[in-house]
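Examining the three-dimensional arrangement
Spelled out from the first residue to the last, the chains are:
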Amino acid sequence: MKVGLTGGHLTPALAVIEELKRYKEVNIFFVGRTNTMEGDPSPSPESVIIPNLGVKFYSIKTGRLQRKFTKFTLPSLTKIPFGFIQSILILLKEKPNLLISFGSYVAVPVSVAAWILRIPILTHEQTFKSGLANRFISKVAKRIAVSWESSIKHFPSKKVFVSGNPVRAEIISVKKKRTNRPVIYVTGGNQGAHIINVILAEILSSLLKKYEVVHQCGSSESYKDFEMLSALSSRWPKRIKNRYKLSKWYKTAELAEIFSKTDLVVGRSGANIVNEVAILGIPGVFIPLEIAASGEQMDNAKVLAERGAAIILPEGRLTPKRLLAAIEFVFKDYKEYKKKAKAAGKLINKNAAKVIVDEAFRMVNVPKT
């Protein structure tokens, strides 16, 4: 059985790839993007990570409907037909039995091409509400997997089923390790978050007096946050510098090691990081992306905040002083936050990747061996 995967939500895709690779009869390829954003030459995480997994990676150049008008808006729209043509050619070459989509604009032309070629499509929605891309893809998909019961109402009832949001097995199996001082993991998601990086730079010297900080800053060539933060840390004394670990992004094994030592996660509240910290029982300080579709990141953050497992710091109120105060507030009552974070983990289905793969086999009527 040959399975094509596509989409911009890499983390659940990695979990499903992990599950698919358990079956020797499955051949996998991935269709994604080379660069993270228009006008930014930095490579996308999938273009680096997927080939290293031994999975064939195809890059397409396609466009999207942007939420605000920029100098890239019109050029982006003109790329959409090219992305569709590339997708048709890739699928004709590979001839997959099934396409699994993980949303975002890059998945749209691939899904349309699969529909035209009569290749069945299974799409996954991470968030509580459907984004524009998945609302479109759901019209051509045969089956729609959702992460939450409350998301069922957004899709045709005959197509939809609840899978949960896939989390990588290596993350699920993380065991807590002791550290000399509390560890804070700061992340802006695969693409990084410039505003968080800049605000964090203002308070790093204060944080490192009491904590260790592991920071995933993204790879943007436009902002060059990695270079800015590297230059900043190079001026510190060695004993302070050793308490700060910086990277553009982390591989799964590296992230599992980080989570084994993490006491608090600070950053965006995409579906993946919220699911991961819930499973691991780690409290959070979340700064939802304001322009995320339909306020999805705020909804994600509320899942844990309403259960006392996290604090929400709105992006519009983000300042160095407020971020430092939010971090200190959690640590002052850490036992209670930790207790509620562990309880929140019961909300998450740890077998989501298996549920999706089981459905994929049923869709093409292929027995698992």
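In short, a report on the structure. The numbers attached to residues start from 1 for each chain and follow its sequence in the written order. The predicted origin of the model limits local features to residues at a pLDDT of at least 70 and limits the giving and counting of side-chain atom pairs to 80 or more, whereas totals for whole chains, interfaces and linings rest on all residues. Computation of side-chain values: all heavy atoms of the structure, hydrogens and water removed.

Right, let's talk about helix α1 (residues 10-20) for a bit. Only protein chains enter the accessibility calculation, which uses a 1.4 Å probe; a residue whose area is less than 20% of its type maximum is buried, one above 50% is exposed, and one in between is partly exposed. Counting from the N terminus, the helices are DSSP H or I runs at least four residues long and the strands are E runs at least two residues long. Within α1, ten of the eleven residues are buried, which leaves it mostly tucked inside the rest of the structure. Within α1 the residues assigned to the buried category are Leu10, Thr11, Pro12, Ala13, Leu14, Ala15, Val16, Ile17, Glu19 and Leu20.

Bringing the sheet that holds strand β11 (residues 264-267) into the picture now. Hydrogen bonds between backbone groups are what pair the strands of a sheet, and the pairing can be parallel or antiparallel. In spatial order, the strands read β10-β9-β8-β11-β12-β13; together these six strands make up an open sheet with parallel pairing. Bordering the open sheet on either side are β10 (244-247) and β13 (310-312), each of which pairs with just one other strand. Averaged over all adjacent pairs, the angle separating strand axes in this sheet is 15 degrees, with direction ignored. Of the strand pairs in this sheet, strand β8 (residues 183-187) and strand β9 (residues 212-216) are connected by five bridges, and their pairing is parallel. Among the inter-strand pairings, Val183 is bridged to a residue of β9, identified as Glu212. Across the sheet, helix α14 (residues 320-332) touches β8, β11, β12 (284-286) and β13, and the angle it forms with β11 is around 160 degrees. For two strands to pair, DSSP has to find at least two bridges joining them. To get an axis, a line is fitted to the C-alpha atoms, and for a helix only the part in contact is used. The angle between two axes follows their N-to-C directions and goes from 0 to 180 degrees. In what follows, a contact means two residues having at least one pair of non-hydrogen atoms within 4.5 Å.

What follows deals with the packing of α1 against helix α2 (residues 45-52). For the pair α1 and α2, interaxial distance at closest approach is 11 Å and the crossing angle is 10 degrees. Taken together, α1 and α2 sit at an angle that is classed as roughly parallel. Of the residues in α2, those in contact with Leu10, Leu14 and Ile17 of α1 are Pro45, Glu46, Ile49 and Ile50. These descriptions rest on fixed angle ranges, namely under 35 degrees for roughly parallel, over 145 for roughly antiparallel, 65 to 115 for roughly perpendicular, and the rest for oblique.

Relative to the assigned elements, Ser87 resides in helix α4 (residues 80-94). The sequence separation of Ser87 and Glu202 amounts to 115 residues, and the corresponding C-alpha distance is 44 Å. Aside from chain neighbours lying at most four places away, what touches Ser87 is Ile60, Pro109, Val110 and Ala113.

It is worth spelling out helix α16 (residues 352-363) at this point. An expected span of 1.5 Å times one less than the residue number is assigned to each helix. Here α16 spans 17 Å end to end across twelve residues, near enough to the 16 Å set by a 1.5 Å rise per residue. The element α16 is largely enclosed, with a buried count of nine among its twelve residues. Residues of α16 that are buried: Ala352, Ala353, Ile356, Val357, Asp358, Glu359, Ala360, Phe361 and Met363. Tucked into the core, α16 has its buried residues touching α1, β4 (98-101), β5 (121-125), β6 (143-146) and β7 (160-162). Following α16 by one or two positions, Asn365 has its phi on the positive side, about 55 degrees.

Okay, the sheet that holds β7 next. With parallel pairing, seven strands are arranged side by side in an open sheet as β3-β2-β1-β4-β5-β6-β7. Two strands bound the open sheet, and with one partner strand each, they are β3 (56-59) and β7. Ignoring which end each strand starts from, the neighbouring axes of this sheet average 20 degrees apart. One ladder, built from five bridges, connects strand β1 (residues 2-6) with strand β2 (residues 27-32); its direction is parallel. Bridging across to β2, Val3 finds its partner in Ile28. Each of β2 and β3 touches α2; the most contacted strand, β3, lies at about 155 degrees to it.

Attention now moves to unusual backbone geometry. Here the phi dihedral of Ser104 falls at roughly 75 degrees; this positive angle occurs in a residue that is not glycine. With respect to the element layout, Ser104 can be found in the loop between β4 and α5 (107-116). On the accessibility criterion, Ser104 (17% relative accessible area) is buried. Of note in this structure, Arg118 is not a glycine but carries a positive phi near 60 degrees. With respect to the helices and strands, the residue Arg118 is situated in the loop between α5 and β5.

Before going further, it helps to examine the pairing of β1. With respect to burial, β1 is a largely interior element, five of its five residues being buried. Here β1 shows no split at all, with Lys2, Gly4 and Thr6 on one side and Val3 and Leu5 on the other all buried. In this region the chain leaves β1, passes through α1 and returns to the parallel neighbour β2; the handedness of that crossover is right-handed. Pairing between β1 and β4: four bridges, direction parallel. Bridge pairing links Thr6 to Ser101 in β4. The handedness rule is simple: strands pointing away from the viewer, and a clockwise path from the first strand over the helix to the second, make the crossover right-handed.

On to the packing of α4 against α5, then. Where α4 meets α5, the closest approach of the two axes is 8 Å, and the angle between their N-to-C directions is 50 degrees. Taken together, the axes of α4 and α5 lie oblique to each other. Crossing geometry of α4 relative to α5 is assigned as right-handed. Residues Gly83, Phe84, Ser87, Ile88 and Leu91 of α4 touch α5, and the partners they reach there are Pro109, Val110, Val112, Ala113, Ala114 and Ile116. Grouping the amino acids of the contact of α4 with α5 by side-chain chemistry returns nine nonpolar, two polar and no charged. In this scheme the crossing of two helices becomes right-handed for a clockwise turn of the near helix relative to the far one and left-handed for an anticlockwise turn of less than a right angle. Each residue gets one label: Ala, Val, Leu, Ile, Met, Phe, Trp, Tyr, Cys and Pro are nonpolar, Asp, Glu, Lys and Arg are charged, and the others, such as Gly, are polar.

Our focus in this paragraph is the nonpolar core. Ranked by internal contacts, the top residues of the largest apolar core, which has 34 residues, are Ile184, Leu204, Leu207, Tyr244, Val266, Leu323 and Ile327. Elements supplying a minimum of two residues to this core: β8, α8 (194-207), α9 (225-233), β10, β11, α14 and α15 (334-344). Here this core takes seven residues from α8, the largest share from any one element. With residues near it in sequence (within four places) discarded, Leu207 still touches Ile184, Leu200, Val213, Leu324 and Ile327. For the purposes of this section, nonpolar cores are sets of buried Ala, Val, Leu, Ile, Met, Phe, Trp, Tyr and Cys residues that join through side-chain atoms within 4.5 Å. One finds Met1, Leu5, Leu14 and Ile50 within the second-largest nonpolar core, a separate group that totals 32 residues.

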